[in-house]
Amino acid sequence: GHRLKVAGDLGQVLFTPFDLRDEESIAKAVKYSNVVINLVGRDYETKNFSYTDVHVDGARRLARICREMCVERFIHLSYLNAESNPKPLLLKKPSMFKISKYLGECAVREEFPTATIIRASDIYGSEDRFLRSLATSWRSHGNLVPVYKNGKETIKQPVYVSDVAQGIVNAARDPDTRCQIYQAIGPKRYLLADLIDWFYKLMRKDRAGYRRYDMKYDPIFFSLRVAAANMLSPAYPFGGLHWEGLEKESTTDKPEPGVPTLEDLGVTLTHMEDQVPWELKPFRAYQYYLDKLGEFPAPPPPNAL
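Residues numbered from 1 in each chain as written. Predicted model: local features only at pLDDT ≥ 70, side-chain atom pairs only at ≥ 80, totals over all residues. Heavy atoms only, no water.

You'll find the chain entered in an unreviewed UniProt entry as NADH dehydrogenase [ubiquinone] 1 alpha subcomplex subunit 9, mitochondrial, with Papilio polytes given as the organism. The record in UniProt for the chain states the following under Sequence similarities (unreviewed entry): "Belongs to the complex I NDUFA9 subunit family." The record in UniProt for the chain states the following under Subunit (unreviewed entry): "Complex I is composed of 45 different subunits. This a component of the hydrophobic protein fraction. Interacts with BLOC1S1. Interacts with SLC2A4. Interacts with CLOCK. Interacts with RAB5IF." (UniProt positions renumbered as here; feature names shortened; annotations may be inferred.)

Below, the structure written as structure tokens:
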């Protein structure tokens, strides 16, 4: 909290503790606000919070209390591929992450009819859960990377975190965005296979026997690794490695035609080739090599579809 204090003048940045299950604390937190942005979400379930607790009941509670407290604007961050009955890819049953995100949107609209909903694809940036979960050593066996259908059947349209933030700010400033849904998606679509290859080249890990392969050829060893990541650290799976996260990674981004995007909110979108090399710099091998010596030429960015 302290490092954010300098972001605002005295009295502008006030931290108010709240608990998603404590209605009184929520009311206290939103009492003097004219805009409330709900960014509360969960990538994985824990013994304290299920997806439904956070994405559906929590979102409904926040929206209802904001309406009761006469908050003017409610902006809710949702997920692009949320749906009521998603087709399972890796999981045995439909993804509760996707279902709960869909039901959360319905709950928010019921409680706060003028809410603005922003549906985001995979968001990348510093300390994210898209690039970083692919870069972590938990995700691969050395230089062997198991991917759903070898990444050849998944199309991604990742969006930069600052673009999403700018879209939210612009929506808050524009009263015409009430009751609207916006899709927070990047400017280009890529094959997941091409993205992963590019990430590994940027991290200089593509040389010593790097290979991407279909996850189905590694049913036992990879499953044990996922189980270990969750068992050893139930509160936070090591490397962000868990089945719902892998399901999300394997999901093709399907924007709805005709639904406005961040560009309709006046955001100039960031291109992955301009940002990702910077984000993956901390994960690079051979950090002691000087860029100007040119041993590692910059790899060409992946082709957009």
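## What to know about the overall build of the chain
Counting its secondary structure elements, the chain contains 10 helices and 10 strands. Rg of the C-alpha trace for the chain: 20 Å, near the compact-globule value of 19 Å for 305 residues, within the 12% margin. Every one of the 305 residues in the chain was classed for burial, and the buried ones make up 47%. Across the chain, contacts joining residues at least 24 apart in sequence account for 81% of those joining residues at least 6 apart. For the chain, the computed accessible surface area is about 16,200 Å², with 54% contributed by carbon and sulfur atoms. Of the charged side chains in the chain, 42 are positive and 39 negative, and the gap between their average positions amounts to 4 Å. (Helix = DSSP H or I, 4+ residues; strand = E, 2+ residues; numbered from the N terminus. Rg over C-alpha atoms; globule rule 2.2 N^0.38 Å. Buried < 20%, exposed > 50% of the residue type's maximum accessible area, 1.4 Å probe, protein only. Contact = heavy atoms within 4.5 Å. Areas by Shrake-Rupley, 256 points an atom, 1.4 Å probe, with all protein chains shown as cover. Lys, Arg positive; Asp, Glu negative; His and termini not counted. Charge placed at Lys NZ, Arg CZ, Asp CG, Glu CD.)

## Some remarks on the nonpolar core
Counting residues in each nonpolar core, the largest one holds 21 residues, and the members touching the most others are Phe 130, Ile 196, Phe 199, Met 272, Val 276 and Leu 280. Of all the secondary structure elements, the ones that give two or more residues to this core are α5 (131–135), β5 (144–147), α7 (192–202) and α10 (272–279). When residues in this core are grouped by element, the largest group, 7 residues, is from α7. Not counting residues up to four positions away in its chain, the partners in contact with Ile 196 are Leu 134, Val 145, Val 147, Tyr 210 and Arg 212. Grouped together as the second largest cluster of nonpolar side chains are 17 residues, Val 36, Ala 63, Ile 65 and Val 108 included. (Core = buried A, V, L, I, M, F, W, Y, C linked by side-chain atoms within 4.5 Å.)

## Focus on the environment of Phe 199
As for its position among the elements, Phe 199 is in helix α7. Take Phe 199: its relative accessible area is 2%, and that puts it in the buried class. If sequence neighbours within four positions are ignored, Phe 199 has contacts with Phe 130, Leu 131, Leu 134, Met 272, Val 276 and Leu 280.

## Quick word on the sheet that holds strand β1 (residues 35–38)
Here 4 strands make up an open sheet; going across it, the order is β1-β2-β3-β8 and the pairing parallel. The open sheet terminates on both sides in strands that have one partner only, identified here as β1 and β8 (181–184). Here the average twist between neighbouring strands, direction ignored, is 20°. Pairing of strand β2 (residues 73–79) with strand β3 (residues 116–120) involves 5 bridges; the strand directions are parallel. Paired with Ile 75 across the two strands is Thr 116, which belongs to β3. Packed on one face of the sheet, helix α4 (residues 96–111) meets β2, β3 and β8 and runs near 165° to β2. (Pairing = 2+ DSSP bridges. Axes fitted to C-alpha atoms, helices over the stretch in contact; angles between N-to-C directions.)

## As for the UniProt feature "domain: NAD-dependent epimerase/dehydratase" (unreviewed entry) in the chain
Listed under "domain: NAD-dependent epimerase/dehydratase" (unreviewed entry) in the UniProt record, and renumbered for this structure, are residues 15–177. For residues 15–177, helix accounts for 37% and strand for 16%, while the C-alpha atoms at its two ends are 27 Å apart.

## Thoughts on α10
For α10, the set of buried residues is Met 272, Gln 275, Val 276 and Glu 279. Seen end-on, α10 carries its buried residues on one side only, within an arc spanning 100°. For α10, exposure combined with an orientation more than 90 degrees from the buried face picks out Asp 274 and Trp 278. Residues of α10 that are buried in the fold lie against β4 (123–124), α5, β7 (159–160), β9 (190–191) and α7. (Arc of directions from axis to C-beta.)

## Section: the state of the cysteines
A full pass over the atoms with the stated rule returns 0 disulfides. With no disulfide of its own, Cys 66 lies closest to Cys 70 among cysteine sulfurs, the gap being 11 Å. Exposure remark for Cys 66: the relative accessible area of 0% places this residue in the buried category. Note on Cys 179: no disulfide assigned, nearest cysteine sulfur contributed by Cys 106 at a separation of 15 Å. (Disulfide = S-S within 2.5 Å.)

## Regarding the packing of helix α2 (residues 23–30) against helix α3 (residues 51–68)
Where α2 contacts α3, the axes come no closer than 10 Å and their chain directions differ by 55°. Viewed along their axes, α2 and α3 adopt a mutual orientation that is oblique. With respect to the hand of their crossing, α2 and α3 are arranged in right-handed fashion. For the pair formed by α2 and α3, the contact residues are Glu 23, Ile 26, Ala 27 and Val 30 on the first element and Arg 61, Leu 62, Arg 64, Ile 65 and Cys 66 on the second. (Parallel < 35°, antiparallel > 145°, perpendicular 65-115°, else oblique. Left-handed = near helix turned anticlockwise from the far one by under 90°.)

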